[in-house]
Amino acid sequence: MHTIHAPYHRHILAKEALIAAGERQGWSLARYYPTMYSNTRIPFLNEAFYLYYTRITDGTLDALMEPVRVGALLLRAPLTLFWGVFGSYFSRHTDVMAVFRT
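In this text, all values refer to a predicted model and were calculated from it rather than measured experimentally.

Reading the values: rules and limits
Residues numbered from 1 in each chain as written. Predicted model: local features only at pLDDT ≥ 70, side-chain atom pairs only at ≥ 80, totals over all residues. Heavy atoms only, no water. Helix = DSSP H or I, 4+ residues; strand = E, 2+ residues; numbered from the N terminus. Buried < 20%, exposed > 50% of the residue type's maximum accessible area, 1.4 Å probe, protein only. Contact = heavy atoms within 4.5 Å. Areas by Shrake-Rupley, 256 points an atom, 1.4 Å probe, with all protein chains shown as cover. Polar contact = N/O pair within 3.5 Å; in protein donor to acceptor, adjacent residues only side chain to side chain. Patch = residues over 30% accessible without salt bridge, like charges linked within 9 Å, V, L, I, M, F, W, Y side chains within 5 Å. Salt bridge = Lys/Arg side-chain N within 4 Å of Asp/Glu carboxyl O.

*Asks:* How do you make sense of the overall build of the protein when you look at a structure like this?
*Replies:* Across its full length, the protein carries four helices and two strands. In the protein, the order of α-helices and β-strands from amino to carboxyl end is α-β-α-α-α-β. Residue burial in the protein is summarised as follows: out of 102 residues, 27% are buried. Within the protein, residue pairs in contact and separated by at least 24 positions form 68% of the contacts whose partners lie at least 6 positions apart. With an accessible surface of roughly 7,200 Å², the protein has 64% of that area assigned to carbon and sulfur atoms.

In structure tokens, the structure reads:
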């Protein structure tokens, strides 16, 4: 699964291009996050776990919006626990975010 999905509304910029675009608007960089906003150290709230979960269900982002499929998770308990607890350390560093001040 790729982070881009229909209707392809994302703009992909390198870190330098993202910061330069903000600075051209007269903004100053307040904070840069090298990974997606939902990749946290909170167990089961990380990018790797989301990808793992969609792979063991139907392979779509829809699986993240539907009721949790507990059976699929329990059948793979060791992997589920690993990705749930340690997944934030395996970020692909996609979906970066920059916060600017005016």
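So much for the structure itself; the text now carries on.
*Asks:* Help me understand helix α2 (residues 47–56) in this model?
*Replies:* The α-helix winds at 3.6 residues per turn, so residues separated by three or four positions along the chain end up facing the same way. In terms of residue burial, α2 counts as a mostly covered element, since nine of its 10 residues are buried. Within α2, the full set of buried residues consists of E47, A48, F49, Y50, L51, Y52, Y53, T54 and I56. As for α2, its buried residues are in contact with α3 (70–75) and α4 (77–86). At the N-terminal boundary of α2, the capping side chain belongs to N46, with an oxygen 3.3 Å from the backbone nitrogen of A48.

*Asks:* Quick question: what am I supposed to make of a nonpolar patch on the surface here?
*Replies:* Together, F82, V85, F86, Y89 and F90 give the surface a local cluster of nonpolar side chains, amounting to about 480 Å² of exposed area. Residue placement: F90 occurs in the loop between α4 and β2 (97–101). Judged by relative accessible area, F90 falls into the partly exposed class, the value being 43%.

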